[in-house]
Structures are given as C-alpha cells and as structure tokens.
Amino acid sequence: MQTATRSELVRALPKVELHVHLEGTIQPHTAVDLARKNSVSLPAFDSVEDLYSYSDLADFLVIYTALAKSVVEVDDFRRITYEMLQSASSNGARHVEFFISPHAHDGIPFSVQFEGIVKGMTDAETDFGVRSAIVPGINRELGPAAAEEYLDEILANRCDQLLGIGLDYYEAPYPPEPFAEVFARARRNGLHLTAHAGEAGPAAYVRSSIDVLKVDRIDHGYNILEDPDLVARCRESGIMFTCCPSTTTHTTSARDLSAPDHPIRRMKEAGLVVSINSDDPPMFRTDLGKEYEAAMDVLGFGPADMKRSILASIEHSWMDDATKKLWRSEWDAEIDRILDQMA
Ligand code: ADE
Ligand code: ZN
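Residues numbered from 1 in each chain as written. Chains lettered and ligands numbered in written order. Predicted model: local features only at pLDDT ≥ 70, side-chain atom pairs only at ≥ 80, totals over all residues. Heavy atoms only, no water.

Asks: Help me understand the overall build of the chain, please; the structure alone is not making it clear to me.
Replies: In terms of regular secondary structure, the chain is built from 15 helices and eight strands. In summary, the chain has a C-alpha radius of gyration of 19 Å against a globular reference of 20 Å for 343 residues, a match within 12%. Taken over the C-alpha atoms alone, the chain extends approximately 50 × 50 × 45 Å along its principal axes. Taken as a whole, the chain presents about 13600 Å² of accessible surface, with 50% of it coming from carbon and sulfur. Taking the average location of the 33 positive side-chain charges in the chain and that of its 55 negative ones, the two points are 4 Å from each other. (Helix = DSSP H or I, 4+ residues; strand = E, 2+ residues; numbered from the N terminus. Rg over C-alpha atoms; globule rule 2.2 N^0.38 Å. Areas by Shrake-Rupley, 256 points an atom, 1.4 Å probe, with all protein chains shown as cover. Lys, Arg positive; Asp, Glu negative; His and termini not counted. Charge placed at Lys NZ, Arg CZ, Asp CG, Glu CD.)

Laid out in structure tokens, this is it:
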C-alpha cells in the first residue's frame, strides 16, 4: 500500500469552507466556454496568467465582475456551482457557505440565478456528499439604496439554502455604517450576517461591522491589528475571522506569507478565532488544500492550531445545531488521526 503524501493528508482533513465567492471560482476554460455560448466578451488576454494578475483589490474586482458576465442561463449557474463544489469537495470540504454576487450578472433575474445555483448544490450533494449554503454578498460600492433593493429581491426569491448575507467589494471609502438599516432588516428576517472588513479598509471598519451591522463573523479582518483594544475585545468575544492566505498576497500589503509579522500569523498568535478559506481560488491560483498547506507550512499553524481552526469553522458555520454537534464529535478523532500521520 502506498503511503499518502503530506499534500494528500492535508486535503483529507475534513473542512468547512466559510469564505469563497462563487463567481471567483469560475475556471478559466468554463468562462471561455460560457462567454462563447452567450456571446459575451471577456477582457482581452493572451494567457490566463495575464488575465489573472492584479496590482490590488480594485484591479482584481474589475476582472472578477467581468468574468461574472459570462454566466447567463440557469444551466450556467448550475454548472459553475457544481464545479465549485466538486473542487471544494476534492479538497476535503464537507460544507461550503459561499458568497454570490447577484448584481454582477446585470439584469439576470434572481429567480434564474437561484434556480441554477440550487440545482448545482443539489447535484453536488448527490454526487460528492458536500453540503452547502448560499450567502448573497451586497456590493458596498453600489450604496445602501441598491442594497435595500437587493435585499427585497433576496427575500422575494428566498430558498431554504439561503442562510445569510455578506458585504463585499472595495472597502474604503465605503464604510459599514450606511448599511445598518439593511443589515437590521436582514436580521429581522432571520438571515445571518457577515461582512468583509479590514482587508483594504481600517480597523474602524471591523469595529463598526461588529457594533453597527452586528455581524456574526468578519471576512478577512487583517487590519484589526492596528487596534489592540479591538483585538482584545474580539479575543474575549470569540468572533470568527474567515481568513484567506493567498488573497493577502494579491489584495493587501502583506504580500509575503512567510513574513514573521504576516497578519494571519499575528491574528492567530493574538488568540483570535481564525479559519482558513480560499476566497477566489482559480483567480488567485490556489485551492482550499493549498490554503491549508500555506497555513501549516508557512503561517505557523501547528497541529493543535489547525484542529482548533477546523472545529471553530463548524461552530461558527450557519448549519443546524444537531449537525454541528455531530460533526464536532465525529471529526475530533478523524482530525487527530490525519494530523498524527502527518507528524
Ligand atoms: N469579492 C470577491 N473577492 C473579494 C475580496 N477579496 N474582497 C472584497 N470583495 C471580494
Ligand atoms: Zn472575499
């Protein structure tokens, strides 16, 4: 019998993915296929490497939004969802809470988007056993009035698989406060809440996402390190930060994952609850397995840190309590066994 490689063992670790954007998971060949079928033009590129290189977050978001326009019909949404979950599952994910960017498919009705996405989720659960949930991301750049309209559409087309909303796109100068009303209305309607903060914006945006938007989780959060009092508060409250190692090397000033002061390393060392996620994997030339490898091999996550992080991602997911309890107890020994093999 062949022994598993380290990389295979990392992939075998059971995982919950809490921070991945559906439109950021479109494989380049799928985007090309769909664009051709739907007569949509993609940005000009000589090679995928050329298309997928960005100077910063704003630059990345332009390409992200352009690629999303290749997705038009119900079956296109089914396909990209199925492919995203197939890849997540092959990297060990058993539950995936994924963002979608409904505004980026200008004019495609939410009913069409959701129909295809739910088909993809159902097919992937049947074929790979992976569970998943939809989290529409509100594009902060479009402002609070558009956000209210998006929430109207989300609620009008709501399905059981839709568990919460997020807030994404470029942070500064789009602070969280103007979205207080729309987030409060989402919460009153039983939706969970999360927000991108502290990626390109200041620690103050992490603070107001918690205090004003009343989010359950923070996506990224790196710039919280500017504010030691807030770090102490978040350590105390145990709020989850969904971190994405490769993203930091493209969209933040923390370009070197091996730097001793990399923010994800420092957040973990400061005792914050951190999970490892893939964000926009093909667009950042990564996948969930590689992100876990980066955490363990470069960012200083030892076996105990990794186990704590995985169990926390079950705990801070929006799955039902019975499943969380079952998975926490079942995964405990499974994680230990795989980590022991890696030692
Ligand atoms: N949408 C997709 N990826 C994103 C990121 N890293 N930050 C903000 N918005 C995003
Ligand atoms: Zn993100």
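Asks: Help me understand the nonpolar core, please; the structure alone is not making it clear to me.
Replies: Among soluble globular proteins, nonpolar side chains are generally buried collectively. Membership of the largest hydrophobic core comes to 103 residues, with the highest contact counts inside it found for V96, F98, I134, F183, I224, F241 and M267. The dominant element in this core, judged by the number of residues it contributes, is helix 4 (residues 57-68), at seven residues. Leaving out residues up to four positions away in the same chain, F98 has contacts with V20, L22, T81, M84, I117, M121, S132, A133, I134 and V135. (Core = buried A, V, L, I, M, F, W, Y, C linked by side-chain atoms within 4.5 Å. Buried < 20%, exposed > 50% of the residue type's maximum accessible area, 1.4 Å probe, protein only. Contact = heavy atoms within 4.5 Å.)

Asks: Can you help me understand the site of ligand 1 in this one?
Replies: The immediate surroundings of ligand 1 are formed by 13 residues, with H21, Y169, E199, D279 and D280 found nearest. One of the side-chain N or O atoms of E199 is found 2.7 Å from a nitrogen atom in ligand 1. The separation between a nitrogen atom of ligand 1 and a polar side-chain atom of H220 is 3.4 Å. Relative to its unbound accessible area of 260 Å², ligand 1 is 100% covered by the protein chains. The site holding ligand 1 turns out to be the largest cavity. Looking at the shell around ligand 1 element by element, the count peaks at four residues for helix 4. Class assignment for the residues of the shell around ligand 1 results in five nonpolar, four polar and four charged. (Near = heavy atom within 4 Å. Polar contact = N/O pair within 3.5 Å; in protein donor to acceptor, adjacent residues only side chain to side chain. 1 Å grid on protein atoms, 1.4 Å probe; cavity = no way out; pocket = protein on both sides within 12 Å on 5 of 7 lines; lining within 4 Å. Sits in = over half its atoms within 2 Å of the grid points. Nonpolar A, V, L, I, M, F, W, Y, C, P; charged D, E, K, R; others polar.)

Asks: What's the story with the packing of aromatic side chains in this structure? I'm lost.
Replies: Describing an aromatic ring pair means giving the distance of the ring centres and the angle of the ring planes. Counted according to the given criterion, the structure contains nine aromatic pairs. Ring plane angle 75 degrees and centroid distance 5.9 Å describe the contact between Y64 and Y169, whose orientation is recorded as edge-to-face. Taken together, the residues Y64 in helix 4 and Y169 in the loop between strand 4 (164-168) and helix 8 (180-188) connect sequence positions 105 residues apart. Take Y64: its relative accessible area is 2%, and that puts it in the buried class. On the accessibility criterion, Y169 (8% relative accessible area) is buried. When the ring of W327 is compared with that of W331, the centres are 5.0 Å apart and the planes differ by 20 degrees; the resulting orientation is stacked. Of the two residues, W327 and W331 are both situated in helix 15 (residues 321-342); the distance of four residues between them amounts to about one turn of the helix. An identical accessibility class is assigned to W327 and W331; each is buried. An aromatic cluster is defined as three or more aromatic residues linked by ring pairs; in this entry it consists of Y54, F60, Y64, Y169 and F284. (Phe/Tyr/Trp six-rings, centres within 6.5 Å; stacked < 30°, edge-to-face > 60°.)

Asks: Would you mind showing me how to read the coordination of the zinc ion (ligand 2) here?
Replies: Put simply, a metal with four donors set out as a tetrahedron has ideal angles of 109.5 degrees, and one with six donors set out as an octahedron has ideal angles of 90 or 180 degrees. The zinc ion (ligand 2) binds to the protein through H19 (NE2), H21 (NE2), H196 (NE2) and D279 (OD), with metal-donor distances spanning 2.0 to 2.4 Å. The site at the zinc ion (ligand 2) holds four donor atoms, and with the angles between them running 82 to 175 degrees, its shape is irregular. (Donors = N, O, S within 2.8 Å, 3.2 Å for Na, K, Ca; no water. Tetrahedral: all angles 85-135°; square planar, octahedral: opposite > 155°, others 65-115°.)

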